[in-house]
Amino acid sequence: SLMEDRLNGSSGAQDAVSNIYQDEGYIFSRISVYEDQNKEAVDLTITIYEGKQAKINDVIVKIDEIITKDPVNEIGIHKGDLFSKAKIIQAIKALAASGKYDPEKIFPKPLPNVTTEEFDNVDLLFELTKISTKK
């Protein structure tokens, strides 16, 4: 389980190998481990499938179930950027810190889109809920 966490972040390892790949645009990367055990040793074969890097096609913002065309500056992710898990986490923190949106209801979702020979493209949907200012 420790190896799985270090490779895929299954128990929350922030510096897992899969996170490093996702920060470089490889959203569809996969890591697998094959174990061959004998009496004296254990051989591990770790296979990493990178796939293509993914770029952001569109950033879609849905606030209170309504898709808005107004830019949300706190997101800081733009069309053409390489997909980055770290940037998405930064965006979540910035949206929560803005005080405009319920931090427990910030749900970014990558949505596969058109694929080219060089890149996969994903739309990035941010679902937000405004914090009510009425008391």
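What comes next concerns the included structure. In this numbering scheme, every chain counts its residues from 1 along its sequence in written order. With the structure being a predicted model, the display of local features is reserved for residues of pLDDT at least 70 and the display and counting of side-chain atom pairs for 80 or more, all residues being used for whole-chain, interface and lining totals. Computation of side-chain values covers all heavy atoms of the structure but excludes hydrogens and water.

## Examining the overall build of the protein
Turning to step 1, where the next piece is worked out: Strands here are runs of E lasting at least two residues and helices are runs of H or I lasting at least four, both read from the DSSP assignment and numbered beginning at the N terminus. Across its full length, the protein holds three helices and six strands.
Turning to step 2, where the next piece is worked out: If you list the helices and strands of the protein from N to C, you get α-α-β-β-β-β-α-β-β.
Turning to step 3, where the next piece is worked out: With the C-alpha coordinates of the protein rotated into their principal frame, the extents come out at 70 × 40 × 20 Å.
Turning to step 4, where the next piece is worked out: Burial statistics for the protein: of 135 residues in total, 30% are counted as buried.
Turning to step 5, where the next piece is worked out: Working rule for contacts: check all heavy atoms of both residues, and any pair within 4.5 Å makes them a contact. For the protein, long-range pairs separated by at least 24 residues make up 52% of all intrachain contacts whose partners lie at least 6 apart in sequence.
Turning to step 6, where the next piece is worked out: Residues scored as positive are Lys and Arg, those scored as negative are Asp and Glu, and His as well as the terminal groups of each chain are ignored. The atom standing in for a charge is NZ when the residue is Lys, CZ when it is Arg, CG when it is Asp and CD when it is Glu. Placing the 17 positive and 23 negative side-chain charges of the protein at their respective mean positions leaves the two points 9 Å apart. Working definition: with a 1.4 Å probe on protein chains only, accessible area under 20% of the residue-type maximum means buried, over 50% means exposed, and in between means partly exposed.

## Focus on the pattern of salt bridges
Turning to step 1, where the next piece is worked out: Here, a salt bridge means any Lys or Arg side-chain nitrogen found within 4 Å of an Asp or Glu carboxyl oxygen. Following the criterion strictly, the structure yields three salt bridges and no others.
Turning to step 2, where the next piece is worked out: One salt bridge connects Lys79 with Asp58, and the closest N-O pair in it is separated by 3.8 Å. Separated by 21 residues along the polypeptide, Lys79 in the loop between strand E4 (66-68) and helix H3 (85-97) and Asp58 in strand E3 (residues 53-63) bring together distant segments of the chain.
Turning to step 3, where the next piece is worked out: We note a salt bridge from Glu127 to Lys109, for which the minimum N-O separation is 2.6 Å. Of this pair, Glu127 sits in strand E6 (residues 119-128) while Lys109 sits in strand E5 (residues 107-115), and the two are 18 residues apart along the sequence.
Turning to step 4, where the next piece is worked out: Overall, the relative accessible area of 16% leaves Glu127 in the buried class.
Turning to step 5, where the next piece is worked out: On the basis of relative accessibility, which here comes to 37%, the residue Lys109 falls in the partly exposed class.

## Quick word on unusual backbone geometry
Turning to step 1, where the next piece is worked out: Phi is positive for Asp64, close to 50°, though the residue is something other than glycine.
Turning to step 2, where the next piece is worked out: Along the chain, Asp64 turns up in the loop between E3 and E4.
Turning to step 3, where the next piece is worked out: The phi dihedral of Glu65 falls on the positive side, at around 70°, and the residue is not glycine.
Turning to step 4, where the next piece is worked out: On the secondary structure map, Glu65 appears in the loop between E3 and E4.
Turning to step 5, where the next piece is worked out: Classification of Glu65 by relative accessible area gives exposed; the value is 62%.

## Points about the environment of Leu44
Turning to step 1, where the next piece is worked out: Take Leu44: it is sitting in strand E2 (residues 42-49).
Turning to step 2, where the next piece is worked out: Put simply, Leu44 and Asp5 are 39 residues apart on the chain and 15 Å apart in space, counted from C-alpha to C-alpha.
Turning to step 3, where the next piece is worked out: Other than its neighbours up to four places away in sequence, Leu44 contacts Met3, Val33, Tyr34 and Glu35.

## As for the packing of aromatic side chains
Turning to step 1, where the next piece is worked out: Centres within 6.5 Å are what make two rings of Phe, Tyr or Trp a pair, Trp counting through its six-membered ring; a difference in plane orientation under 30 degrees is then read as stacked, over 60 as edge-to-face, and the rest as tilted. Inspection of the entire model under this criterion finds one aromatic pair.
Turning to step 2, where the next piece is worked out: Looking at Lys55, its charged tip hangs above the ring of Phe119, at a distance of 4.3 Å from the centre. The rule for a charge over a ring is simple: NZ of Lys or CZ of Arg within 6 Å of the ring centre, and within 35 degrees of the ring normal.

## Let's talk about a nonpolar patch on the surface
Turning to step 1, where the next piece is worked out: Patch membership needs two things, relative accessible area over 30% and no salt bridge, and members are linked within 9 Å if like-charged or within 5 Å if nonpolar (Val, Leu, Ile, Met, Phe, Trp, Tyr). Values of accessible area rely on a 1.4 Å probe in the Shrake-Rupley scheme; residue burial ignores everything except the protein chains shown. Side chains of Met3, Val33, Val42, Leu44, Ile46 and Ile48 sit close together on the surface and give an oily, nonpolar patch of about 450 Å² of accessible area.
Turning to step 2, where the next piece is worked out: A per-element tally of the nonpolar patch places E2 first, with four residues.
Turning to step 3, where the next piece is worked out: Relative to the assigned elements, Met3 resides in helix H1 (residues 2-8).
Turning to step 4, where the next piece is worked out: By relative accessible area, Met3 is classed as partly exposed at 35%.

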